[in-house]
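The lines below spell out each chain.
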Amino acid sequence: MQLNGSFIRETRTERGWTQQQLADICGLSLRTIQRVELHGIASLETSKALASAFEIERTELEQLELTNVQPKANLSAMPMWLLAMTFISGLLTGMVAIKLLT
């Protein structure tokens, strides 16, 4: 299940809790709290424990953060000649640098 790790971290710090304190309150391991805050990955049981500790609805934890999402580059949309020229120029630059250094 995907949770909003940033929201969990912010809520924890607003309450003045360390990760270990949150883990103890929830009955979870410190590693689980670290993983949830970093990657947002949690089981249903973990999300229920976190929601209970924060005294909020579990669905509030599931809301994903959309503000800093960067779209991935779509290489298939780039013209093949541009990809080839970028690759070739990189090779040539590397060859020239090696020649100059030797």
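Residues numbered from 1 in each chain as written. Predicted model: local features only at pLDDT ≥ 70, side-chain atom pairs only at ≥ 80, totals over all residues. Heavy atoms only, no water.

Moving on: the packing of helix H2 (residues 19–26) against helix H4 (residues 44–54). Direction vectors running N to C along H2 and H4 enclose 105°, while the axes themselves pass 9 Å from each other. Between H2 and H4, the crossing angle belongs to the class labelled roughly perpendicular. Residues Leu22, Ile25 and Cys26 of H2 pack against Ala49, Leu50, Ala53 and Phe54 of H4. The residue inventory of the contact of H2 with H4, partitioned by class, reads seven nonpolar, no polar and no charged. (Axes fitted to C-alpha atoms, helices over the stretch in contact; angles between N-to-C directions. Helix = DSSP H or I, 4+ residues; strand = E, 2+ residues; numbered from the N terminus. Parallel < 35°, antiparallel > 145°, perpendicular 65-115°, else oblique. Contact = heavy atoms within 4.5 Å. Nonpolar A, V, L, I, M, F, W, Y, C, P; charged D, E, K, R; others polar.)

Here the structure, examined in full by the defined rule, presents two salt bridges. Where Arg12 meets Glu37, a salt bridge forms, and the shortest distance between an N and an O atom there is 2.6 Å. Within this pair, whereas Arg12 is found in helix H1 (residues 5–14), its partner Glu37 is found in helix H3 (residues 30–39), the two being separated by 25 residues in sequence. Judged on exposure class, the residue Arg12 and its partner Glu37 are both buried. Residue Glu62 is joined to Arg58 by a salt bridge in which the shortest nitrogen-to-oxygen separation is 2.4 Å. Residue Glu62 and its partner Arg58 are both found in helix H5 (residues 58–62); the two are separated by four residues, about one turn of the helix. The exposure class of Glu62 is partly exposed, given its relative accessible area of 27%. (Salt bridge = Lys/Arg side-chain N within 4 Å of Asp/Glu carboxyl O. Buried < 20%, exposed > 50% of the residue type's maximum accessible area, 1.4 Å probe, protein only.)

Attention now goes to the packing of aromatic side chains. All told, the structure shown has one aromatic pair when counted by the stated rule. Taken together, a centroid distance of 6.0 Å and an interplanar angle of 10° make the contact between Trp17 and Phe54 stacked. Pair noted here: Trp17 is in the loop between H1 and H2 and Phe54 is in helix H4, with a separation of 37 residues, a long-range link. On the basis of relative accessibility, which here comes to 1%, the residue Phe54 falls in the buried class. (Phe/Tyr/Trp six-rings, centres within 6.5 Å; stacked < 30°, edge-to-face > 60°.)

Counting through the fold element by element, Thr11 comes out in helix H1. There is a polar contact of 2.7 Å between the side chain of Thr11 and the backbone oxygen of Phe7. (Polar contact = N/O pair within 3.5 Å; in protein donor to acceptor, adjacent residues only side chain to side chain.)

On to H2, then. Given 3.6 residues to a turn, an α-helix orients residues that are three or four positions apart in the same direction. The complete set of buried residues in H2 reads Leu22, Ala23 and Cys26. Buried residues of H2, seen end-on, are gathered within an arc of 100° and therefore sit on one face of the element. Turning to H2, the residues buried within the fold contact H1, H3 and H4. (Arc of directions from axis to C-beta.)

This part covers the nonpolar core. Among the nonpolar cores identified, the biggest contains 14 residues, and Leu3, Ile8, Leu22, Leu50 and Leu61 are the most heavily contacted of them. Of all elements in the fold, only H2, H3 and H4 reach the threshold of two or more residues within this core. Of the residues forming this core, the biggest block, five residues, is contributed by H4. Setting aside chain neighbours within four positions, we find Ile8 in contact with Leu3, Leu22, Val36, Glu37, Leu50, Phe54 and Leu61. (Core = buried A, V, L, I, M, F, W, Y, C linked by side-chain atoms within 4.5 Å.)

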